[in-house]
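Fold and contact review
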Amino acid sequence: MKTNKTLRIMLEIIFAILTIILIYVVIRYWEQGDVHTGQELTEAYTDTQIQVSARDEDTTIVLGNREYQMTHPVRTYLFLGTDASGNEGGTGEEYQGSMADTLMLLVIDEQEETYGILQLNRDTITRVPLMQADGSANASANIQLCTAHWYGGDKKQSCENTVNTVSDMLGGLPIDGYYALSMSAMSKLNEAVDGVKMTFTEDLTELDPQMKSGATLTLTDEQAEKLMHARYGMSDDRNVKRMGRQRLFLDAFLKQVREKQAKDSNFIIKLYDSLHPYSTEDINMNALTKLINQMGNFAAKGTYTIDGETKLGQKLGDGQEHWEFYMDEDSLDTTINTLYPLTYIGAAEEEPDE
């Protein structure tokens, strides 16, 4: 289902993240005397394209009982926002990943010169590999997508486990890279712009008495964290409501970032430095360069979600009920075929019962 309401906000969020990373990396490379020339960038990117093209030609996507193949190369990047529920400062058996509260796929189609975004529901029930601290995964469970980041022995393994989970959930779609930002950085975002200024479009006095519908506030760090994190204990604790509040915050934040950058050309670099301890990524400079250029020149397909049913259940096995989202197979098929250049090659073989 296409959601035009959030398109501009989500595109700005991704564009801002990419711009921050790119500017930082280029300057750091310059300081280290290791800046690539334009020719080197082109050659490096050409090599990447050859590898991606070869991979996509052999890639089979299975959606329900339908089997598809890529008609030409497409690049996909996963953007994550993680909460602070784990112990990501630990090592080995002491490490515990956090939940991935926000998951977005950026899909770049160079041949058609388009790009689109797929927002994934964190409560989607899917097969999650139970990755161990050594990186092995010999078992899996059908639980919420957000829990994939729990597993592994460090932050990168947690991200890789999430990437693999999303790829499998979407029929084997290849994912080329990821960028994860901890939600604990929200106070840093608020502080960086001297408090996010926003007007509330709904009554949120459950969170804070000052958050009345129509009120305009300059948020304190505590208020910013409440707005971005709070869900449980509210009259409507579904994740979709929290996602709406997060978009409202980020829209106001990005507006102030642009204002700050106009006054201080080093503002983005300073912001990146303040966020770096909270991020984990594997997107290289060449890929970032291409992404930013392409997002400025390519046509936007829009932002999409997958329809489905939300209900309370006990898949986590902790004796408590949690929200569970079950994707509609027809909606999944339609959405992926809209974002990706797929050709139908036949009915998929049925998997044997376990």
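These remarks concern the structure in this document. (Residues numbered from 1 in each chain as written. Predicted model: local features only at pLDDT ≥ 70, side-chain atom pairs only at ≥ 80, totals over all residues. Heavy atoms only, no water.)

It is worth spelling out helix α9 (residues 329-339) at this point. Along α9, the residues that are buried comprise Ser-331, Leu-332, Asp-333, Thr-335, Ile-336 and Leu-339. The opening residue of α9, the one whose side-chain oxygen lies 3.2 Å from the backbone nitrogen of Asp-330, is Asp-328. (Buried < 20%, exposed > 50% of the residue type's maximum accessible area, 1.4 Å probe, protein only. Helix = DSSP H or I, 4+ residues; strand = E, 2+ residues; numbered from the N terminus. Polar contact = N/O pair within 3.5 Å; in protein donor to acceptor, adjacent residues only side chain to side chain.)

On to the sheet that holds strand β5 (residues 114-120). Spatial strand order, β11-β8-β3-β4-β5-β12: 6 strands in an open sheet with mixed pairing. Each end of this open sheet is capped by a strand with a single partner; those strands are β11 (279-281) and β12 (299-304). If you compare each strand with its neighbour and ignore which way they point, the axes differ by 15 degrees on average. Summarising the sheet, β5 and β12 pair through 5 bridges and their orientation is parallel. Its bridge partner lying in β12, Thr-114 is registered against Ala-299. (Pairing = 2+ DSSP bridges. Axes fitted to C-alpha atoms, helices over the stretch in contact; angles between N-to-C directions.)

This part is about the packing of aromatic side chains. Two numbers describe a pair of aromatic rings. These are the distance of the centres and the angle of the planes. For the structure on display, the rule yields 4 aromatic pairs. Here the aromatic rings of Tyr-68 and Tyr-344 are separated by 5.8 Å at their centres, their planes lie at 65 degrees, and the arrangement is edge-to-face. Highlighted residues: Tyr-68 in strand β2 (residues 66-70) and Tyr-344 in strand β15 (residues 342-347), separated in sequence by 276 residues. Taking the relative accessible area as the measure of exposure, Tyr-68 reaches 6% and is therefore buried. Their ring planes at 70 degrees and their centres at 6.2 Å tell us that Trp-150 and Tyr-151 sit as a pair that is edge-to-face. The exposure class of Trp-150 is partly exposed, given its relative accessible area of 26%. Over the ring of Tyr-326 we find Lys-311; its NZ or CZ atom is 4.9 Å from the centre of that ring. (Phe/Tyr/Trp six-rings, centres within 6.5 Å; stacked < 30°, edge-to-face > 60°. Lys NZ or Arg CZ within 6 Å of the ring centre and 35° of its normal.)

Moving on to the environment of Ser-187. Positionally, Ser-187 belongs in helix α4 (residues 186-192). Taking the C-alpha atoms as reference points, Ser-187 and Gln-223, 36 residues apart in sequence, are found 9.0 Å from one another. Leaving out residues up to four positions away in the same chain, Ser-187 has contacts with Asp-221 and Glu-225. (Contact = heavy atoms within 4.5 Å.)

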